[in-house]
Amino acid sequence: MMNSLSGKSAKKHINVKAALSMAAGALLGTTTAVGDAKAQVLKDWQIDSAFLFYSEADRVTAAEVIISGNRTFINDEVLNFKLTIDSLTGASANGAVAQGQAQTFTRPSGDGQYVTPVGDTPLDDTFKDTRVQLNAQWTQPIADNYTASVGGHLSKEFDYLSLGINANLAVDFDKKNSTISLGFSHFQDTFTPIGGIPKPHESMLIGDSNSPSWDEEFAHTRIASSDNKYTTDILLGFSQVINRRMITQFNYSFSTVSGYLTDPFKIVSVLNEQGITQDYIYEQRPDERRKQSIFGQAKYHFDQGLFNSVVDFSYRYMWDDWQIKSHTFDSTWYFPLSNWFGKQSYLQPHLRYYQQSAAEFYQPYIFTGHGLETNQGFVSADYRIGEMHAITLGAKYGFTFNNGNDFSVRLEYYQQTPTNAGFDVPAGLENLTVYPVVQAIILQISYSFL
Amino acid sequence: MKNNNLISPRSLSFKAQEQGYSATFHAMASPCEILIQTTELNLVKKITKLVSDEVWRIEDKYSRYNKDSVCSHINNSAGQCITIDEETYLLLIFAQQCYQLSGGLFDISAGILNQIWYFDGSENIATSADIARILPFVGWDKIVLQPNSITLPAGMALDFGGFGKEYAVDRAILLSKQITALPVLVNLGGDLAVSGPRLGDKAWQVAIEAPEENDRASVTDQINTDQRNTEQVSTKQDIIVALHHGALATSGDSKRYLAKKGKRYSHVLNALTGWPIEQAPRSITALAPQCIQAGMLATLALLQGQNAEQFLSEQAVTYWARR
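Computed from a prediction, not measured in an experiment: that's the story for all the values here.

Participant: Which residues make up the overall build of chain A, and what values do they have?
Facilitator: Per the secondary structure count, chain A includes four helices and 24 strands. For chain A, restricting intrachain contacts to residue pairs at least 6 apart in sequence, the fraction spanning at least 24 positions comes to 61%.

Right, here's the structure in full:
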């Protein structure tokens with residue numbers, strides 16, 4: 001090496017960047033605090049990849065891989081492809097209530113049975129599915145201040161096919177400080193569950209699945225092999241830059257779903273006066289649902305104070321004609337750590353609180369002789385449409401490599417607590433867990449490369 | 001016009017674009033470009049005039065090719081103490097700080113080494129005798145700098161080319177900010193800075209061109225559609241960068257090198273030894289709040305030779321290096 005070693009070793013411990021910043025400030029008559037620098041590589045394709053692991057204690061485990069590619073063209077047109085593959089395994093609550101004795105259930109396929117031990121929440125452990133999802137989106141400016149976007153969606157599971165289209169229009173005004181957007185999407189889903197679609201209110205057939213008459217008897221509990229669901233969403237959004245530190249977003253959305261909205265895997269326990277299960281019947285939900293929601297979000301960047309952090313807070317209120325009402329509070333707090341680790345890194349804590357009321361036809365169980373006469377016979381014991389609250393607590397850590405690639409890891413804890421929305425508890429259930437808490441861990445690793 | 005014939009005529013041309021105007025002109029032996037995101041042509045003309053006048057002023061004042069420049073005045077002082085103004089003093093103090101920060105590797109008095117090194121891709125390596133003859137006339141430590149004067153020993157020469165263009169970019173941004181809060185990008189032959197993000201907090205898209213295809217590694221703004229179309233044909237592996245704040249400057253030049261016995265000599269010279277730096281990247285583009293800072297970070301990194309990338313990583317600088 002011919003270059004001076006003295007120069008190199010002497011500089012090792014000098015912060016050249018800071019010294020140059022001061023020297024440049026003196027030369028230009030600006031303070032050194034002035035000015036930040038921010039840039040990232042766009043290149044032809046920007047590829048984002050993420051691996052997500054979700055695990056509920058004793059229940060479902062999901063692993064998901066997402067690969068997303070973005071290509072920006074000359075006139076700001078953007079093409080996006082997103083491939084999602086997820087695999088779900090484990091057990092899911094079948095809707096029946098825990099009992100003081102073991103319970104036997106028939107698998108949704110009609111092929112065999114499973115037994116839930118004394119006192120446990122009945123879980124159907126046959127859940128195993130792999131879903132492949134493909135989204136494509138094309139976005140382009142169509143005139144000054146007008147941006148349009150169209151996209152397609154395909155999702156395929158073993159027993160499920162979903163096809164969708166969407167279109168969006170965004171209009172900027174007030175020097176692009178305000179944006180109004182209008183979105184529309186339509187999905188058509190086809191459900192072909194193994195074992196077919198059960199007849200609502202029909203009793204679950206339980207017995208010897210090897211008997212010669214079993215298949216015929218099971219077929220009597222079925223009404224079809226597949227059914228469809230149609231979803232139309234309309235979104236109206238408004239975003240406003242308040243000042244260079246704060247931006248806000250407001251959305252209103254309207255969604256209408258029609259068709260087969262019942263969960264073919266869910267049953268309802270029929271109890272006697274003492275709370276002892278006499279029967280299990282298949283649930284039934286209305287074939288229409290209209291959902292509306294309002295959403296507000298504010299992002300605030302603390303320029304000088306509070307470690308230059310960015311606070312993001314949002315609230316959503318959702319209501320539908322099933323009488324489910326929900327509130328979601330979501331907040332993240334972004335802390336840049338660039339000077340701590342030598343790379344551009346950040347830490348982002350996350351807190352989310354969710355609360356919902358039960359659907360009007362939700363019943364954790366019904367009693368022999370009554371329970372179906374109200375709500376036109378609609379009934380479901382699915383905890384996901386019951387009264388509950390949930391909390392998510394976690395953090396994300398990420399850093400940017402010098403070549404502009406990003407890496408991040410997110411770890412979160414999720415707890416869902418169903419509560420009793422005023423249903424009578426018969427004596428036989430008093431010492432049992434009717435509303436079990438669901439706990440889950442979410443781990444996500446993301447890498448963006450260019 | 002008082003400048004010499006190396007410089008093309010001083011004129012501005014304007015072009016309306018989708019989201020504003022671009023103005024192009026020629027200065028400092030480079031194509032220059034100003035982008036302003038407004039539809040008010042009068043404002044564009046006002047800013048452009050101010051900016052181009054400033055760039056040409058700096059060129060006239062500090063070009064070593066202009067015999068009337070302050071630079072020539074100093075270089076022709078024949079060892080006499082001569083008076084300098086505040087701007088010149090501040091630039092020389094900046095040069096002195098870069099000299100100190102680089103441990104002497106960067107030196108604005110090293111320009112005369114180009115008298116013996118011709119980086120034309122040939123095998124013409126300078127001889128040790130040549131270097132020994134020139135080296136006594138290189139060295140910032142031999143110069144006496146006072147707030148109002150400089151004494152440059154006879155036979156020595158200064159060259160502001162190491163940061164003159166970057167300085168002009170920063171001055172241009174400062175001046176434009178005094179007139180408008182609208183987004184402005186100033187690009188002087190690939191060294192560029194923005195006054196802030198484009199309207200709607202959008203980034204400027206700039207291309208860092210692959211140096212193999214160009215005489216100079218230059219950076220051209222991407223919203224200039226026409227230019228971009230031709231570039232996409234002629235260049236490969238451009239890196240497209242979204243620039244929100246700050247400045248990008250590129251140091252290095254892949255076409256200017258010497259090669260002998262399989263050894264590649266970059267055009268970057270070590271001011272202490274008079275020899276080229278070995279194993280330096282072909283070019284480095286650095287990001288910093290000011291263009292002059294970005295340019296100096298890239299240059300100081302090149303002087304680290306094979307450790308260029310490590311140096312920038314240790315300094316937590318965002319950069320793109322080409323080897």
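Here the narrative resumes.
Participant: I'd like a description of the sheet that holds strand β21 (residues 366–367) of chain A, backed by residues and values.
Facilitator: Residue and element names in this part refer to chain A. An order of β16-β15-β21 is seen for the three strands of this open sheet, with the pairing classed as mixed. The open sheet has two edge strands with one neighbour each: β16 (277–282) and β21. Pairing analysis gives five bridges linking strand β15 (residues 267–271) to β16, with the strands arranged antiparallel. Directly across from I267, in β16, lies its bridge partner Y282.

Participant: I'd like to hear about unusual backbone geometry, residue by residue, with values.
Facilitator: Of note, Q376(A) is a non-glycine position whose phi angle comes to about 55°, a positive value. Note on placement: Q376(A) falls in the loop between β21 and β22 (388–400). The exposed category is assigned to Q376(A), around which 10 C-beta atoms lie within 10 Å. Within the chain, A316(B) stands out as a residue other than glycine whose phi angle is a positive 55°.

Participant: How would you summarise the confidence of the model for chain A if you had to cite specific residues and measurements?
Facilitator: Residue and element names in this part refer to chain A. This prediction gives chain A a mean pLDDT of 88; 92% of its residues lie at or above 70. Looking at the elements of chain A, mean pLDDT is at its lowest for helix α1 (residues 5–11), recorded as 39, and at its highest for β15, recorded as 96. Here residues 1–13 scores under 50 on pLDDT; set against residues more than four positions off or in separate chains, the count is 28 contacts.

Participant: With reference to specific residues and values, describe the packing of helix α5 (residues 164–179) of chain B against helix α7 (residues 291–302) of chain B.
Facilitator: Residue and element names in this part refer to chain B. In the contact formed by α5 and α7, the axes pass within 7 Å of each other and the chain directions differ by 155°. Viewed along their axes, α5 and α7 adopt a mutual orientation that is roughly antiparallel. Note on element contacts: α7 touches α5 through C291, I292 and G295, opposite E166, Y167, V169 and D170. Considered class by class, the residues forming the contact of α5 with α7 number four nonpolar, one polar and two charged.

Participant: Talk me through the confidence of the model for chain B; I want residue IDs and the actual numbers.
Facilitator: Residue and element names in this part refer to chain B. Here chain B averages 81 in pLDDT, and 83% of its residues register 70 or above. Below pLDDT 50 for its whole length, residues 1–7 participates in eight contacts with residues either more than four positions away or in separate chains. A low-confidence stretch, residues 211–236 stays under pLDDT 50, and its non-local contacts, those more than four residues away or across chains, total 62 contacts. We note a pTM of 0.61 for the whole complex and an ipTM of 0.83 for its interfaces.

Participant: I'd love a proper account of the nonpolar core, names of residues and values included.
Facilitator: The biggest cluster of nonpolar side chains holds 99 residues, and the ones touching the most others in it are V186(B), A286(B) and L297(B). In terms of residues, this core owes the most to one element, α7(B), which gives nine residues. Setting aside chain neighbours within four positions, we find V186(B) in contact with I34(B), V51(B), V169(B), A172(B), I173(B), L192(B) and A193(B). A98(A), M204(A), I267(A) and Y282(A) belong to the second-largest nonpolar core, a separate cluster that totals 23 residues.

Participant: Go over the sheet that holds strand β5 (residues 144–146) of chain B with me, naming the residues and quoting the values.
Facilitator: Hydrogen bonding along the main chain pairs the strands of a sheet, whether they run parallel or antiparallel. Residues and elements named next belong to chain B. If you walk across this open sheet you meet the three strands as β4-β6-β5, and the pairing is antiparallel. Every interior strand has two partners, whereas the edge strands, β4 (81–83) and β5, have only one. Taken over all neighbouring pairs, the strand axes of this sheet differ in orientation by 15° on average, direction set aside. In terms of strand pairing, β4 meets strand β6 (residues 149–151) through three bridges, oriented antiparallel. Its bridge partner lying in β6, T83 is registered against S149.

Participant: Lay out the environment of A110(B) in plain terms, naming residues and giving numbers.
Facilitator: Residue and element names in this part refer to chain B. Within the secondary structure layout, A110 lies in the loop between α3 (86–101) and α4 (128–134). Each C-alpha atom of the pair A110 and I134 lies 9.5 Å from the other, and the pair is 24 residues apart in sequence. With near-sequence residues (within four places) excluded, A110 lies in contact with V138, L269 and A271.

Participant: I'd like a description of the environment of Y160(A), backed by residues and values.
Facilitator: All names here are of chain A. As for its position among the elements, Y160 is in strand β9 (residues 160–173). In the structure, Y160 is positioned 68 residues away from N228 in sequence and 9.8 Å away in space, judged by C-alpha atoms. Every residue in contact with Y160, bar those within four places of it in the chain, is listed here: D189 and F191.

Participant: So what's going on with the pairing of β15(A)? Which residues, and what values?
Facilitator: All names here are of chain A. Here β15 lies mainly inside the structure; five of its five residues are buried. Residues of β15 alternate between two faces, with I267, S269 and L271 on one and V268 and V270 on the opposite face, all of them buried. Of the strand pairs in this sheet, β15 and β21 are connected by two bridges, and their pairing is parallel. Counted as the bridge partner of V270 is I366 from β21.

Participant: Hey, could you go over the packing of helix α2 (residues 16–28) of chain A against α3(B) for me, with residue numbers and the actual values?
Facilitator: Contact pair α2(A) / α3(B): the axes reach a minimum separation of 9 Å and the direction vectors enclose 170°. Looking at the two axes, α2(A) sits roughly antiparallel to α3(B). For the pair formed by α2(A) and α3(B), the contact residues are V16(A), A19(A), L20(A), A23(A), A26(A) and L27(A) on the first element and L90(B), L91(B), F94(B), Q97(B) and L101(B) on the second. By residue class, the composition of the contact of α2(A) with α3(B) is ten nonpolar, one polar and no charged.

Participant: Lay out α5(B) in plain terms, naming residues and giving numbers.
Facilitator: Between the first and last C-alpha of α5(B) there are 23 Å, a value that for 16 residues agrees with the 22 Å anticipated at 1.5 Å per step. Within α5(B), the full set of buried residues consists of G164(B), K165(B), E166(B), Y167(B), A168(B), V169(B), D170(B), R171(B), A172(B), I173(B) and S176(B).

Participant: I'd love a proper account of the environment of V257(A), names of residues and values included.
Facilitator: Residues and elements named next belong to chain A. Looking at the element boundaries, V257 is found in strand β14 (residues 246–259). The buried category is assigned to V257, around which 20 C-beta atoms lie within 10 Å. Sequence separation of V257 and K229 is 28 residues, and the distance between their C-alpha atoms is 7.0 Å. Setting aside its immediate chain neighbours within four residues, V257 contacts K229, Y230, T231 and R289.

Basis of the calculations
- Residues numbered from 1 in each chain as written.
- Chains lettered and ligands numbered in written order.
- Predicted model: local features only at pLDDT ≥ 70, side-chain atom pairs only at ≥ 80, totals over all residues.
- Helix = DSSP H or I, 4+ residues; strand = E, 2+ residues; numbered from the N terminus.
- Contact = placed C-beta atoms within 7 Å.
- Pairing = 2+ DSSP bridges.
- Buried ≥ 20, exposed ≤ 12 C-beta atoms within 10 Å, placed from the backbone.
- pLDDT = per-residue confidence, 0-100.
- Axes fitted to C-alpha atoms, helices over the stretch in contact; angles between N-to-C directions.
- Parallel < 35°, antiparallel > 145°, perpendicular 65-115°, else oblique.
- Nonpolar A, V, L, I, M, F, W, Y, C, P; charged D, E, K, R; others polar.
- Core = buried A, V, L, I, M, F, W, Y, C linked by C-beta atoms within 7 Å.
- Expected span 1.5 Å × (residues − 1).

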